[in-house]
Structure formats: C-alpha cells, structure tokens
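Here's the letter readout for the chains.
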2 protein chains.
Amino acid sequence: MTITYESLKDSTVVSLRHAIRRGEYTSHTAGLGTGMLQANLAIMPQSHALDFMRFCQRNPKPCPLSGVSDTGNPMMFTLGADIDIRTDVPSYNIYRDGVLDRTVTDICDLWQDDFVAFALGCSFTFENALQQAGIPLWHIEHNKTVPMFRSGIETVPAGPFSGKMVVSMRMMPEDRVAHAVEISRKYPLAHGAPVHFGDPTDIGISDLNRPDWGDAAPVHEGHVPVFWACGVTPQVAIEAAGLPLCITHQPGNMLITDVSEFAEIPNYQSNTVFRGEQQ
Amino acid sequence: MTITYESLKDSTVVSLRHAIRRGEYTSHTAGLGTGMLQANLAIMPQSHALDFMRFCQRNPKPCPLSGVSDTGNPMMFTLGADIDIRTDVPSYNIYRDGVLDRTVTDICDLWQDDFVAFALGCSFTFENALQQAGIPLWHIEHNKTVPMFRSGIETVPAGPFSGKMVVSMRMMPEDRVAHAVEISRKYPLAHGAPVHFGDPTDIGISDLNRPDWGDAAPVHEGHVPVFWACGVTPQVAIEAAGLPLCITHQPGNMLITDVSEFAEIPNYQSNTVFRGEQQ
C-alpha cells in the first residue's frame, strides 16, 4: 500500500513515521510533521566517525549536528522515543567508494555493528520561521527546489572530509534581509544566520541562473540574494572522502524527529524549564 | 619570572598567552583577555574521544563543544593562530584512573600521539554579558567563586561518561530573571539559557547554603536563585569514567582563545559576513 503526500499532511509524527517505517511513504518530507525538527542523515563505520564528527564541529553552519547514535545501535534515542534509523527515513542513498550505488527504502540488510548514524539539522526549520514572519520564499510558493551553489568558501577539513561549502540561495526584498538574518540566527541547529548576502561573486558564485543543484530562481528588481550554508556540504565532503561504504538520506526525504523546532537543545526529553520555548 | 594578575589586565590575548606559555602566569583567567571566548579543557586518548564527543553532543548545555584537536596535534587551529594546548593553559590537572594525580603548568612531557584535546565554552562569556546589562553578580563583586551544586538532573550518557548535571547558581532580583534568560540564551557556546530558576528542590538541591563547590552566596529578600548548566559536569563525568589518563585545566584557569565572545561559530577565521556581530 502506498500513502500519498496529501493524506499525510495532518498526520501525527508517530503515525507519519510508522507509514515511513512500513515502506508506505517513500518521498519528500517538506511540510510534514509540522513543528518538528527534521534532519539530514549520514551513516558510516565507526572508523570514520570521529573525523566526521570533527568535520561537523568545525563547520557547524553547513553541518549542524543534532544527534549521534551509539555505535551499532540504530535507535536514535535522543531524537525520539522510537526512532529506528534503519527504517524511519523515506529513502536512503547508498554510496560505495564515494559513488552513489543505489537508492533504497530501508537499510535493515545493510546495517553493521560498527555503524554510527549522524543527524544534521536542515533548512526546513528556519524556512518555516521565515514564512511565519511573512518573508516570501519563491521556491516553496512555486513548488520548486531551492537553488544551491558550490561556493568558493572552504570548509575546515577533518581527516578525509573537506571541500567547498555548498550554499542555498533565497531572493527577498532588500528591506527584509535584516529580519531574515535575525530570525534564522535563532536556529543554530538549522544553519543559523546566512553566510552572505548581496554580490554572489564575493563568495565565488559567477551565475545565479545556473545553480549546481535545484531550480534557478528569477531575479526581481529590488530583491537581494541571501545565501545560507547548506546540508549538501557534508554530502559532497562524504563523496569526496570516498569511504568504502556510507549511507545518507535521499535529498528532501528527511528524518522527522520528536524534537520541537523551537527546542533550545536537540533532545526530545529535555527537562529544563526552557524546553520548547519560542523566542 | 612571575607576572601578577593586575599587570596582565590590559594585555593583548597574544602577549597574555605568551606569558602563560613561558610559565610566567599560572593562575585564574577571569577578567583577562576581555572580549575573547575562554574555554574549559579535556584531553584524553583517541580511544575515548568519540564517546566523549557524543557526551558533549548529547549534553550541550553543560558541555558546549567549542573546539576539537586533530589526534596527536596539540595546535588548536580553529581557536587561534598559535594555540599550543600543551603550554597555553595556566595550569593543568592530571587524572589517572579517575583520581587527581597532580597539577602542572605544562604537559609537554605528557603529550601522546593518540591524544585528542577538547575545548568547552565556559560561563565567563555570559557573565560578562549579564554584567554589561547591569545584572548584579554577587560572586564577582565579592571576589568569590560561584556556588556550584550537584543537581538531580541526569545527563544523557555516552559510553563510560555519565552522571548528574552540575549547576552554578546566581541570585538576582526577581524582576531581572527574564532578562538574564534572554541574554544568556544568546550564548549556546557558553551554557545558553538557565536550566532552572526558583525552588532549588525542583532540581534536587536541598540546601543553597551548602554548595558542593565554590562559595555559598547570601540569600536576599526578593532575590531568586537562577541555575545554569556548569562546566564542572564533564569533569565529574570524566572522573567517574575512571580513564587511565585524562588531563583537564585546573578550574578557573582557562584557555583564552582568539575567538570573539560574540562570534556565531567558534572559529577565529570565520569569514562569513556575520562573524563577530553582536546582537
């Protein structure tokens, strides 16, 4: 049985994740599980985990680490009461020696006792906040994929992981930029403030009409391009590292967690008085 | 030659760190290197580093990770142009099998090729911000050590690292609490917002007059105790883990970095347009 996107729009996170676990929903998660933190995924053997974790710590804007599994344990127990990373993502990309081998809907048969799973915050979180503040987002309004560019900004390397920072671009009226900065800065677990706005050549991007990923967005008079660090950065670093085996989510098809988008820390059980407080 | 605290108060960070490197200053760093991020230190063999990094990721309020060295490399190159972690902290505690063995002023003879050094943000950062906002801090005004308590809040374990969260307590007028929360929340790399305020028994603290570390603070009419996650938490977790060898800073004697206290990310070279911006 296959379930449609529309029929899941009002589902609870638990029933949504169960549909994904049963393989009944295998597509993108934008706009699903409203209010909950969604995450990019990277799974690799423990032998590379410390270097990858260093890469995330050194590049927190493209790689905001929101959860790390115990070695060999597929339950992401800080992100939810019952999240099995082998089944609870709609679809997975399997990389062998840095090359995409195939795409699958669960990884039960691939799971290894030495695997470590990493969840990294994604842009859906701050995009929701921008929209709630009335800042128009062209790609969402037109059902397109946000344009992404390989910038000239170097990441800080760690072990085999390195490369240029990938950035996503959103055009907006010039007088809304300061507000967009202020809002997104409140979400360090979802890329934080932009890395740049204005002239794209300042960060090594020569042509806004030719994104490296996603759809080109029209350039309107009085609008300014604003660039955020993008979760494709770690994917590119992983490909370049050429690990014998590495598993990621298929782009757009995220892990939906039990952590509130407004949580100060990425733990669904956080019992501090400020858990879930919106500021 | 020994240099006094007073003579260093107006020193640049570089000359300050050089005095520390030469062993001429071996004491506390509160109030020195104004405007720069200071950090707690933990050094351990790589065999425990992934678990310790998980512990920090899972407990970001007591353990805000601001820097991690490459294995065997004593230069903390993300935190400054020339920071040698073997010499650039005023004094170090050497733990063997979880027990304090001795205190030394450099660790050149102890450094190992498998060592990983971790820098964790500390409370000096948000305390400076609170003082600048006119919120009185009793322990600073009276040259005392902030009172710290072993709370009933459990940390999220990782490998051998676990234990109760240690919290620091600051009394303040009730009408300043909301402002203190708002200010400190802006510094997730320095413990962020408080974990609790008001009744200490809510978090398992029975007697405010008997702190587990530091000096008891007087309780004034109309003042409320506010509790922040404390950097002693990882020290306690490290002691309980009983690692054969682990090195920390001596409490109060911090690493002074080249990263601005207002930096969005802990990298002194960050070239994003929002580096160092104060909000």
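Residues numbered from 1 in each chain as written. Chains lettered and ligands numbered in written order. Predicted model: local features only at pLDDT ≥ 70, side-chain atom pairs only at ≥ 80, totals over all residues. Heavy atoms only, no water.

An unreviewed UniProt entry lists chain A under the name Putative hydro-lyase ROA7745_03423, with Roseovarius aestuarii given as the organism. Listed in UniProt under the heading Sequence similarities (unreviewed entry), the comment for chain A reads: "Belongs to the D-glutamate cyclase family." (UniProt positions renumbered as here; feature names shortened; annotations may be inferred.)

Caption draft 1: Highlighting the relation of the copies chain B and chain A. Of the transformation placing chain B onto chain A, the axial shift is 0.0 Å and the rotation is 180°, giving an RMSD of 0.0 Å. Taken together, the turn and the small shift mark the pair as related by a two-fold rotation axis. Proximity to the rotation axis, assessed at the C-alpha, singles out Leu50(B) in chain B; its C-alpha lies 2.7 Å from the axis. A symmetric contact is evident, with 100% of the interface residues of chain B recurring at the interface of chain A. (Least-squares fit on C-alpha atoms with pLDDT ≥ 70 in both. Contact = heavy atoms within 4.5 Å.)

Caption draft 2: Representation of the pattern of salt bridges. Summed over all chains, the structure comprises 24 salt bridges over all chains. As a salt-bridge pair, Glu264(B) and Lys61(A) come within 2.6 Å of each other at their nearest N and O atoms. Highlighted residues: Glu264(B) in the segment after strand E11 (255-260) and Lys61(A) in the loop between helix H3 (46-58) and strand E2 (65-68), drawn from two different chains. Given a relative accessible area of 4%, Lys61(A) falls into the buried group. Asp84(B) is the salt-bridge partner of Arg86(B), the closest N and O atoms lying 2.8 Å from each other. Arg86(B) sits in the partly exposed class, given a relative accessible area of 25%. Here the salt bridges share partners, and the residues they tie into one network are Arg21(A), Asp82(A) and Asp88(A). (Salt bridge = Lys/Arg side-chain N within 4 Å of Asp/Glu carboxyl O. Helix = DSSP H or I, 4+ residues; strand = E, 2+ residues; numbered from the N terminus. Buried < 20%, exposed > 50% of the residue type's maximum accessible area, 1.4 Å probe, protein only.)

Caption draft 3: A look at the state of the cysteines. Overall, the coordinates contain zero disulfides over all chains when judged by the stated rule. The closest cysteine sulfur to the non-disulfide-bonded Cys230(A) is located on Cys122(A), 9.7 Å from its own sulfur. (Disulfide = S-S within 2.5 Å.)

Caption draft 4: Region of the structure containing the domain arrangement of chain A. Residues and elements named next belong to chain A. The domains assigned to chain A are domain 1 (5-122 + 241-260) and domain 2 (124-233). Opposite the 24 residues of domain 1 that make contact, domain 2 presents 23 residues. Taken together, the two surfaces of domain 1 and domain 2 that pack against each other cover about 1,900 Å², and 67% of this comes from carbon and sulfur. For the pair domain 1 and domain 2, the number of links is zero salt bridges. Inspection of the region where domain 1 meets domain 2 yields six residue pairs in polar contact (both at pLDDT 80 or more). Those elements that provide at least two residues to the side of domain 1 that touches domain 2 are strand E1 (36-45) and H3. Here the side of domain 1 that touches domain 2 takes six residues from H3, the largest share from any one element. (Domains from an automatic or database assignment. Buried area = accessible area lost by both parts, 1.4 Å probe. Polar contact = N/O pair within 3.5 Å; in protein donor to acceptor, adjacent residues only side chain to side chain.)

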